[in-house]
Structure formats: C-alpha cells, structure tokens
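As a plain string of letters, each chain reads:
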Amino acid sequence: MEAWYRRQARQTFQSAIDHWIREFHARGIHLPAPRMKIYAMRRAWGRCYYTKGLITMNLHLVKTPLPCIRYIVLHELCHFLVNNHSKDFHALVESFLPDWREVDMRLKSFTREQRVLE
C-alpha cells in the first residue's frame, strides 16, 4: 500500500510543482524546478532546502485535498525566494494564492481529524 501512496504522491506533488513553476515564470520570476524527495514525516508537511535546490514532501500529504497539496508546494517554493516566514514571505504566498489562510485552516483541521482516527 505504501508503494501505491508513494507513486500517487510523486505524481501529484510533481504536478503541483510544475503548475506553480509555470505561474512563477508567467510573472517573470525565474525559479528552477527543485529536486523533490518524499518521506513519511511526523512534524512537517514539507521542507525547503534552498541551498540544495531540494524540497522534501510528507508522504501523508497526498491523503489531503488537492488545494492543501498545492498550498504546501507553493509554500515550499516561495522559500526559494524568501527563506523565512516574514511579512514578505506571506505577501508572496498570498500574491499567488489569496485564500491561503483558509486552505491552511483546512489542512490543520484535516490534521486534527487524522489524529483522532489514529
């Protein structure tokens, strides 16, 4: 079953990366597509290693709704441009995804529901 989730995750996450990279390029922001690794992480949905051109994604994120996946991928990609959670970072995220706060709340709600089920 985990192998199936990994295949689905790789395809879904890569599709989201491709989507956002096109959006960055359309705005004149040259952002090379990062390498991606997938792990079953306990504490994060994703991580950005901007100096390595790498993002890591949580395998379990694939179980969430697509808007949540796209939000996390965008969040990690924005860290290549702003490597913190400052106002500038959140303004960049919001410029691409104006309703990111609602999606973030949906993701947090999903996380709480999953903990109850486990």
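Every value quoted in this text rests on a predicted model; they were computed, and no experiment measured them.

1. A short note on the overall build of the protein chain
Thought 1: Within the protein chain, the secondary structure is distributed over four helices and three strands.
Thought 2: Secondary structure elements in the protein chain, listed N-terminal to C-terminal, are α-β-β-β-α-α-α.
Thought 3: Against the globule reference of 13 Å for 118 residues, the protein chain gives a C-alpha radius of gyration of 14 Å, in line with a compact fold.
Thought 4: C-alpha extents for the protein chain along the principal axes are approximately 40 × 25 × 20 Å.
Thought 5: Counting across all 118 residues of the protein chain, residues that qualify as buried make up 42%.
Thought 6: Contacts spanning at least 24 positions in sequence make up 53% of the contacts within the protein chain whose residues lie at least 6 apart.

2. Focus on the sheet that holds strand β1 (residues 35–39)
Thought 1: If you walk across this open sheet you meet the three strands as β1-β3-β2, and the pairing is mixed. Whereas interior strands pair on both sides, the edge strands pair on one side only; in this sheet they are β1 and β2 (46–49). Neighbour-to-neighbour, the strand axes of the sheet open up by a mean angle of 20°, direction not taken into account.
Thought 2: Relative to strand β3 (residues 54–58), β1 is paired through five bridges, and the arrangement is parallel. Counterpart to Ile-38 in the pairing with β3 is Met-57.

3. Topic: helix α1 (residues 2–26)
Thought 1: With 25 residues, α1 ought to run about 36 Å at 1.5 Å a step, and its terminal C-alpha atoms sit 36 Å apart, in line with that.
Thought 2: The set of residues buried in α1 consists of Ala-9, Phe-13, Ala-16, Ile-17, His-19, Trp-20, Ile-21 and Phe-24.
Thought 3: Contacts from the buried residues of α1 go to β1, β3, α2 (66–78) and α3 (87–96).
Thought 4: Gly-28 sits one or two positions beyond α1 and adopts a positive phi of about 80°.

Each value, and the rule that gives it
- Residues numbered from 1 in each chain as written.
- Predicted model: local features only at pLDDT ≥ 70, side-chain atom pairs only at ≥ 80, totals over all residues.
- Heavy atoms only, no water.
- Helix = DSSP H or I, 4+ residues; strand = E, 2+ residues; numbered from the N terminus.
- Rg over C-alpha atoms; globule rule 2.2 N^0.38 Å.
- Buried < 20%, exposed > 50% of the residue type's maximum accessible area, 1.4 Å probe, protein only.
- Contact = heavy atoms within 4.5 Å.
- Pairing = 2+ DSSP bridges.
- Axes fitted to C-alpha atoms, helices over the stretch in contact; angles between N-to-C directions.
- Expected span 1.5 Å × (residues − 1).

Structural measurements only, silent on function.
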